[in-house]
Amino acid sequence: MWNKRFLFEENYCYHVFNRWYEKQTLFFDSSDYEKFFRYFAFFLEKFKGITLISYCILPNHFHLILSQNETGLMISEFIRKLSVSYAMHFKKKYETGLTRRGQPVFEWRFKAKFIKDEEYLVKCQSYVNYNAQKHGIVDNMEDWPYTSLHEILETGKPVFHNIKISGYSKDIEKYQD
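Asker: When you look at the pairing of strand 1 (residues 13-19) in this model, what are you seeing that I'm missing?
Answerer: Strand residues, when the strand is regular, have side chains that alternate between the two faces of the sheet. Of all 7 residues that make up strand 1, 6 are buried, and the element is covered over most of its length. Sheet analysis places strand 1 next to strand 3 (residues 61-68), joined by 7 bridges and oriented antiparallel. For Tyr14, the partnering residue across the bridge sits in strand 3 and is Leu66. Inspection of the sheet shows strand 1 paired to strand 4 (residues 111-115) by 5 bridges, in the antiparallel sense. Following the sheet pairing, His15 is matched in strand 4 by Lys113.

Asker: Is there a simple way to explain helix 1 (residues 30-46) in this structure?
Answerer: Note that an α-helix has 3.6 residues per turn; residues three or four places apart therefore point the same way. Helix length check: helix 1, at 17 residues, gives a terminal C-alpha distance of 24 Å against a target of 24 Å (1.5 Å per residue), a fit within 8%. Turning to helix 1, its buried residues are Asp32, Tyr33, Phe36, Phe37, Phe40, Phe43 and Leu44. Angular distribution of buried residues about the axis of helix 1 spans 135°; they occupy a single face of the element. In helix 1, the exposed residues that point more than 90 degrees away from the buried face are Ser30, Glu45 and Lys46. Considering only its buried residues, helix 1 is in contact with strand 2 (50-57), strand 3 and helix 2 (74-93).

Asker: It is not clear to me how the packing of aromatic side chains should be interpreted in this structure. Could you clarify?
Answerer: Aromatic rings considered in pairs are described by the distance between their centres and by the relative angle of their planes. Inspection of the entire model under this criterion finds 22 aromatic pairs. Over the ring of Tyr120 we find Lys116; its NZ or CZ atom is 4.5 Å from the centre of that ring.

Asker: For this particular structure, what's the right way to read the sheet that holds strand 1?
Answerer: In a beta sheet, neighbouring strands pair by backbone hydrogen bonds and run either parallel or antiparallel. Read across the sheet, 4 strands follow the order 2-3-1-4 without closing on themselves; strand pairing throughout is antiparallel. Two strands in the sheet have a free side with no partner beyond their single neighbour: strand 2 and strand 4. If you compare each strand with its neighbour and ignore which way they point, the axes differ by 20° on average. Bridge analysis of strand 2 against strand 3 gives 7 bridges, and the strand direction is antiparallel. Pairing of Thr51 across the sheet is with Ser67, part of strand 3. Running over the sheet, helix 2 touches strand 1, strand 2 and strand 3 and is turned about 150° from strand 3. Helix 3 (residues 118-129) rests against strand 1, strand 2, strand 3 and strand 4 of the sheet, and its axis sits at about 40° to strand 2.

Definitions and limits used
Residues numbered from 1 in each chain as written. Predicted model: local features only at pLDDT ≥ 70, side-chain atom pairs only at ≥ 80, totals over all residues. Heavy atoms only, no water. Buried < 20%, exposed > 50% of the residue type's maximum accessible area, 1.4 Å probe, protein only. Helix = DSSP H or I, 4+ residues; strand = E, 2+ residues; numbered from the N terminus. Pairing = 2+ DSSP bridges. Expected span 1.5 Å × (residues − 1). Arc of directions from axis to C-beta. Contact = heavy atoms within 4.5 Å. Phe/Tyr/Trp six-rings, centres within 6.5 Å; stacked < 30°, edge-to-face > 60°. Lys NZ or Arg CZ within 6 Å of the ring centre and 35° of its normal. Axes fitted to C-alpha atoms, helices over the stretch in contact; angles between N-to-C directions.

Pasting the structure below:
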């Protein structure tokens, strides 16, 4: 499923992810995350058939768990528009040094893994939501604001731009590594 368009099946979940070209930093400060979340919320509103289940945005990549309500390319189009919009912002903001002319911002179109059953969904949610801790960015996930974990566990941390998640499992803590 790498670097090619494919049909996403209706009512199934997919772990979708992408990273910055050559694993370099994609988000340098809170304003970069904020801009990404603004695009994220905007395109979720445009693509009403997409359900966001979990997310984690890290300095050089992002993870999403998504589903869509009809078979087709909706998730592909959503990720394409989100990625292109943020890439244009990034290239304009950091046009000196960080981006060479013609260099892509993201390493691939995106990658997506089919989530075959409920148990795998819970494992994927744990992986996605605890990703900042896995990569050593934070020791405690409560310190990382750019994850849906706060909404799932009802920690009281703010949810960015009222991005709503649904279809998640509160059992994700049992799979934390």
